[in-house]
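# Structural overview
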Amino acid sequence: MSQWDALTDVVLTSRTSSLGKAPSPFDKSQRTTAFSGRRWRYKALLLATLSIGLCGTFLDEAQAENIIVNGSFETGDFTGWDTIDLASPYSALAVRTAGPAASHSPAIAPTDGTFTADHGFDGGGPGTIEISQVVTIPASATAVLIFDWRAGWSIFGSQSRTFDVIVEPAGGGAPLLTSNILSTASPSDNADTGPQTATVNLSAFSGQSVRVRLSSFIPEDYSGPAHLQIDNVVLEVTVTEAPVDDPGEDPIAEIDTGPTDHEIAERTGRAITNFVARRADQITANEVELVERLKNKNNGGGAPGGAVSFTGEGGSGSGLTNHVEFSTSLQQMVAARQASEDKQHNQYGRMMGLGADSNGSGTVRSMRFDVWARGTWADVDSFTAGHGIGLFYLGADYKFSENFLLGVVTQFDWTDEKDVVQGVAGEGNGWLAGPYVVMRLHDNLWLDASARWGKSDNSVTLANAFASSGDYDTRRWLVTGTLTGDYTVGRFNIAPSVGVLYFDEDQDAFANSLGILVPGRSVTLGRVTFGPKVSTDLTASDGTIVSPFVSVKGLWDFEHAKIVDLTTGLAAGSDELRARVEGGASFQLVNGLLIAGEGFYDGLGADDFEAYGGSVNVVMPLN
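Here's a quick rundown of the structure. Quantities reported herein were computed from a predicted structural model and do not represent experimental measurements. (Residues numbered from 1 in each chain as written. Predicted model: local features only at pLDDT ≥ 70, side-chain atom pairs only at ≥ 80, totals over all residues. Heavy atoms only, no water.)

Attention shifts here to the pattern of salt bridges. Considering all chains together, one arrives at 21 salt bridges under this definition. Salt-bridge contacts for Arg150 lead to Asp192; the nearest nitrogen and oxygen are separated by 2.7 Å. In this pair, Arg150 sits in strand β6 (residues 141-155) while Asp192 sits in the loop between β9 (188-190) and β10 (196-201), placing the two residues 42 residues apart along the sequence. Here Asp557 makes a salt bridge to Arg527, at a shortest N to O gap of 2.7 Å. (Salt bridge = Lys/Arg side-chain N within 4 Å of Asp/Glu carboxyl O. Helix = DSSP H or I, 4+ residues; strand = E, 2+ residues; numbered from the N terminus.)

Pairing between strand β16 (residues 385-401) and strand β17 (residues 404-419): 16 bridges, direction antiparallel. What sits directly across from Lys399, in β17, is Leu405. Joining the antiparallel neighbours β16 and β17 is a turn of 2 residues. Note that β17 and strand β18 (residues 424-442) share 16 bridges and pair antiparallel. (Pairing = 2+ DSSP bridges.)

Turning to the nonpolar core, a few remarks are in order. Core analysis: the biggest nonpolar cluster contains 41 residues, and Leu145, Phe147 and Leu202 have the highest contact counts within it. Sorting the residues of this core by element identifies β5 (127-137), β6, β7 (162-169), β8 (177-183), β10, β11 (208-218) and β12 (226-239) as the ones contributing at least two each. The element that contributes the greatest number of residues to this core is β6, accounting for 8 residues. Discounting chain neighbours no more than four positions away, the residues touching Leu145 are Val165, Ala198, Thr199, Val200, Leu202, Val212, Leu214, Val233, Val234 and Leu235. By size, the runner-up hydrophobic cluster in this structure holds 26 residues, among which are Ala277, Phe466, Val518 and Leu525. (Core = buried A, V, L, I, M, F, W, Y, C linked by side-chain atoms within 4.5 Å. Buried < 20%, exposed > 50% of the residue type's maximum accessible area, 1.4 Å probe, protein only. Contact = heavy atoms within 4.5 Å.)

We now examine the packing of aromatic side chains. How two aromatic rings sit relative to each other is given by the distance of their centres and the angle of their planes. Applying the stated criterion across every chain yields a total of 13 aromatic pairs. When the ring of Phe147 is compared with that of Phe163, the centres are 6.0 Å apart and the planes differ by 70 degrees; the resulting orientation is edge-to-face. Of this pair, Phe147 sits in strand β6 while Phe163 sits in strand β7, and the two are 16 residues apart along the sequence. In terms of burial, Phe147 and Phe163 fall into one category: buried. With centroids separated by 5.6 Å and ring planes inclined at 50 degrees, the aromatic side chains of Trp556 and Phe558 adopt a geometry described as tilted. One aromatic cluster is present, built from ring pairs that chain together Trp477, Tyr502, Trp556 and Phe558. Above the ring of Phe466, the side-chain terminus of Arg267 is found at 4.7 Å from the ring centroid. Above the ring of Phe549, the side-chain terminus of Lys533 is found at 4.8 Å from the ring centroid. (Phe/Tyr/Trp six-rings, centres within 6.5 Å; stacked < 30°, edge-to-face > 60°. Lys NZ or Arg CZ within 6 Å of the ring centre and 35° of its normal.)

In terms of burial, strand β4 (residues 115-119) is largely enclosed, as 4 of its 5 residues are buried. Here strand β3 (residues 94-97) runs beside β4; their pairing, made up of 4 bridges, is antiparallel. The residue of β4 that forms the bridge with Val95 is Ala117. Looking at chain direction, β4 and β12 are connected through 3 bridges and run antiparallel. Residue pairing across strands places Ala117 opposite Ile230, the latter belonging to β12.

The antiparallel open sheet is built from 5 strands, whose spatial order is β2-β5-β11-β7-β8. Edge positions in the sheet fall to β2 (82-84) and β8, since each of these pairs with one other strand and no more. Averaged over all pairs of adjacent strands, the angle between their axes in this sheet comes to 20 degrees, without regard to strand direction. (Axes fitted to C-alpha atoms, helices over the stretch in contact; angles between N-to-C directions.)

The residue Asp122 is located in the loop between β4 and β5 in this model. Overall, Asp122 belongs to the buried group, its relative accessible area being 1%. Once you skip the residues sitting within four places of it in the chain, Asp122 turns out to touch Leu86, Pro89, Tyr90, Ile129, Arg161, Ile218, Tyr222, Ser223, Gly224 and Pro225.

What follows concerns unusual backbone geometry. In the segment running from Gly125 into Pro126, the intervening peptide bond is cis, with an omega of 0 degrees. In this model, Asn70 sits at a positive phi of 55 degrees, which is unusual for a non-glycine residue. Among the structural elements, Asn70 can be located in the loop between β1 (65-66) and β2. Since its relative accessible area comes to 15%, Asn70 is described here as buried. Phi angles above zero are rare outside glycine, and Ser140 is one such case at about 55 degrees. As for its position among the elements, Ser140 is in the loop between β5 and β6.

This is the structure we're talking about:
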């Protein structure tokens, strides 16, 4: 064969592949030959052939060699592999044939031969599920790891599961390379990713013996069924030599050494989308019940009996959960002071034999103008992730009549989160301000509505191969409206309500620390809430007033603030309709002390969401 015959064979082979049936990424015959159809290897080979044809003196064409042992598991077991599994797996790591998966969809489907490696991608975490091999990559070789994978999951936990390629020294030690293949959103639901092919360049380890690990990390204990399969694992090594006429020229000129600018921009944008979406959900979930500003005006819309109320709360999750809340108002403080003065007058009157009410007013004076404040801080931390948000509301309103109140409120928020596994962190400070109105439409029907506009200043940081950071701004607005009923049936008070809110936040484009432009994105959340609250008051023999209650609230997201997978950009599944149940009781003691406790369960009817918790509220009179 002449030099030009060799060149013609290359061109014709490539042209036939492009004009005929497209080669499947799961067909091993297409992946282990010199003409694999992969863009960078074709370019490298074509460049090498052109160099050979023009120089006139060349070596035989270099052939790719697969150095993975039993990469398609056709021995029916893990011969050649080292394995690690959870002590209590949802579905044990094993080599299996085609058929239904034991743990979750999709069905087991080998991509090369009869067998595939398969596991449940869940279980008694935190822990690792992995297969690995020690390989020796020849010196002066290009090396590319290629394998097929497919997954499905239904996760209700709070932490991401990951699937990574990890390279470490053959004898063990700190990782030399970690390449993330899959990071699930949590909670999320994805029945089937579809067939996927992963490619990781290992050329940097030529001349070395290393351990290659295909490793899945399960951060929580049984947080939702899943399934992951791996097949057709190939580590192609090609020993290349420069042409004799030019020993200094390397014909392999195009090797992927890391993510492109576009990939970095996309991952940054996805991290921002998730951060803003989670913050939007927290802001809207902690909305103030504005109707209470008019219904309970004589108490300033806060808890009765004290100047300031404090709440401590604990909730579900694999990490430490903290929640602290307070509320107060000018009218609430005035009422507490007046109550304290009346109590002192009454005590003095009894001492002088003048009667209990001889010097006290006995009533709480009503105020038309009021200033109020409410704050909350929630923090969730685990070994690998953390999320915290603080909200502070400052409002002022004026009651024009018993049926109409107008006010203005400003809300400030502080948010920070981190995820060590996914290598992402974010921080943000923002505000929203605008008017609100509360009206009594009928004896038993109330309407409240608000509109707010604002901005936020934020930062995002990515680690590992995507290492970069940047600051960005957002513009946001929020509108809300709620109808609340108030009916008495016998000894019970029934308060049905239906509300709607819409939140929009738009991120401005910016250049990150690498000078890469990150395009702007928008996050929207539209939600309808509905359901009744039933309560009653019971008076004990010692004068203690016990007020139990129960409520059921439906939540329908007609516009969902989607959480996306950082790697694929696919939106995580989420139920648009779910229910939240709350119940509890308050105890008003004769000395003015108020103790209230309540619990909640959120996620009824949802497949991929669950939350529960409780709180204790203590209000002490300032006397």
